[in-house]
Amino acid sequence: SEIRKKLLDAFSNNEDQYLSGQTLADTIGCSRTAIWKHIEELRKDGFELEAIRNKGYRIVKTPERVSADEIRLGLKTKYLGQSIHYEDAVDSTQRVAHRLAYDQSMEGTVVVAEEQTLGRGRMERKWYSPKYTGIWMSIILRPKIPLPKAPQLTLIAAVAVVQAIEELTELTPQIKWPNDILINGKKMTGILTELQAEADQINSVIIGMGINVNQKLEDFPIELREIATSLAIEQGVYFSRSAIIRSVLTHLEKLYFIYIEKGFFPIKILWESYAISIGKTIKARTLSNVIEGKALGITDDGVLRIEDHSGEIHYIYSADIELSE
Ligand code: BTX
């Protein structure tokens, strides 16, 4: 809005100085209540403002923005991220990527948004994607693989995210089959892989990643506080989201090339080394039933193998996993 713009101008013209509500109201030509309301909105958008009695307000920290240029700076990939669509706010980067993929955009095209208003998980679940704090990104790939192998790409993406986090933080993430990345048992990243296909021919695979980076615990809605976490919560410092995006794209491209050339086996070995559930007793909730047993590993196709208590082996293509121990 006009007031917000003038408010930000006033702060930038008086860098590091405290500006009182009255001074701001006078300069901008609005009420003090309007100033107060806009200060609250800035806070919601990731600005940190200090308020001192009898002195006024001062901006301590502006939200770190991610621009396409900033991501590109220092990106050494061949395909991934060579075309970046950066959006301030979208319903879902998956939807935008689907449209671009449909329009034959090049392989490796990436969609990044600062905020998603309708971020989605699997099975119509919601993915909470507030402004400036996380990485909400969709990547278009066009692998020439048969349709049933598509879920392998989720596993490849998970390995790429783990490698990026290990490169840039001191944290040790673990993968929960098929699509969650956890730190200390809490969800830090979710991955959603969707397809555009005709008959049994894949046209594009759209890999969506939601990575919680700079949220504080109180930034999560109450129902997620027990189950979700961010890199900042775990390590106690803020991270550059563009550096993480670059690292994820670099690792993903490397793994993707290995996959295209040598198949899933080398990826499987890596994936299993990061997996949390292998060897443990788990409960797999599929659409039709619940299977409890020991997770043996994944097949060369990326399908989860569970041995139930009677010794029967089940092959799980899609499910929600709960650790029983
Ligand atoms: P999922 O179905 O495995 O997980 C969704 C569940 O995760 C929700 O029901 C909720 O319990 C929990 N959840 C929601 N938001 C968060 C969050 N920010 N952090 C931790 N837990 C959360 C996981 O689906 C796949 C998510 C992919 C999200 C990306 S973001 C970019 C792209 N665009 C889009 O709309 N989705 C993908």
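Residues numbered from 1 in each chain as written. Predicted model: local features only at pLDDT ≥ 70, side-chain atom pairs only at ≥ 80, totals over all residues. Heavy atoms only, no water.

(A) Region of interest: the nonpolar core. Met137, Ile139, Leu153, Trp177, Met209, Leu231 and Trp271 are the most contacted members of the largest nonpolar core, which has 63 residues in total. Looking at this core, the element that brings in the most residues is helix H6 (residues 152-168), giving eleven residues. Among the domains, domain 2 (68-273) and domain 3 (277-323) are the pair contributing at least three residues each to this core. With near-sequence residues (within four places) excluded, Met137 lies in contact with Thr93, Val110, Val111, Val112, Ile207, Gly208, Met209, Ile245, Val248 and Leu249. Counting residues in each nonpolar core, the second largest holds 16 residues, with Ala34, Ile35, Leu42 and Ile59 among its members. (Core = buried A, V, L, I, M, F, W, Y, C linked by side-chain atoms within 4.5 Å. Buried < 20%, exposed > 50% of the residue type's maximum accessible area, 1.4 Å probe, protein only. Helix = DSSP H or I, 4+ residues; strand = E, 2+ residues; numbered from the N terminus. Domains from an automatic or database assignment. Contact = heavy atoms within 4.5 Å.)

(B) Seen up close, the side chain of Arg241. Looking at where Arg241 falls in the secondary structure, it is placed in helix H8 (residues 241-262). A distance of 3.1 Å separates the side chain of Arg241 from the backbone oxygen of Gly134, its partner in a polar contact. Excluding anything up to four places from it in sequence, Arg241 contacts Glu64, Arg65, Val66, Glu114, Tyr132, Thr133, Gly134, Ile135, Val213 and Asn214. (Polar contact = N/O pair within 3.5 Å; in protein donor to acceptor, adjacent residues only side chain to side chain.)

(C) Region of the structure containing the site of the ligand. Residues in contact with the ligand amount to 28 residues; listed here are only the nearest, Ser92, Arg120, Arg122, Arg125 and Asn212. Arg125 places a polar side-chain atom, nitrogen or oxygen, 2.8 Å from an oxygen atom of the ligand. Within the contact set of the ligand, an oxygen atom lies 3.3 Å away from a side-chain nitrogen or oxygen of Asn179. Considered on its own, the ligand offers 800 Å² of accessible surface; in the complex 92% of this is hidden by protein. Looking at the shell around the ligand, the elements with two or more residues in it are helix H5 (93-102), strand S5 (134-141), strand S8 (186-198) and strand S9 (201-212). Residues of the shell around the ligand, tallied by class, amount to ten nonpolar, twelve polar and six charged. (Near = heavy atom within 4 Å. Areas by Shrake-Rupley, 256 points an atom, 1.4 Å probe, with all protein chains shown as cover. Nonpolar A, V, L, I, M, F, W, Y, C, P; charged D, E, K, R; others polar.)

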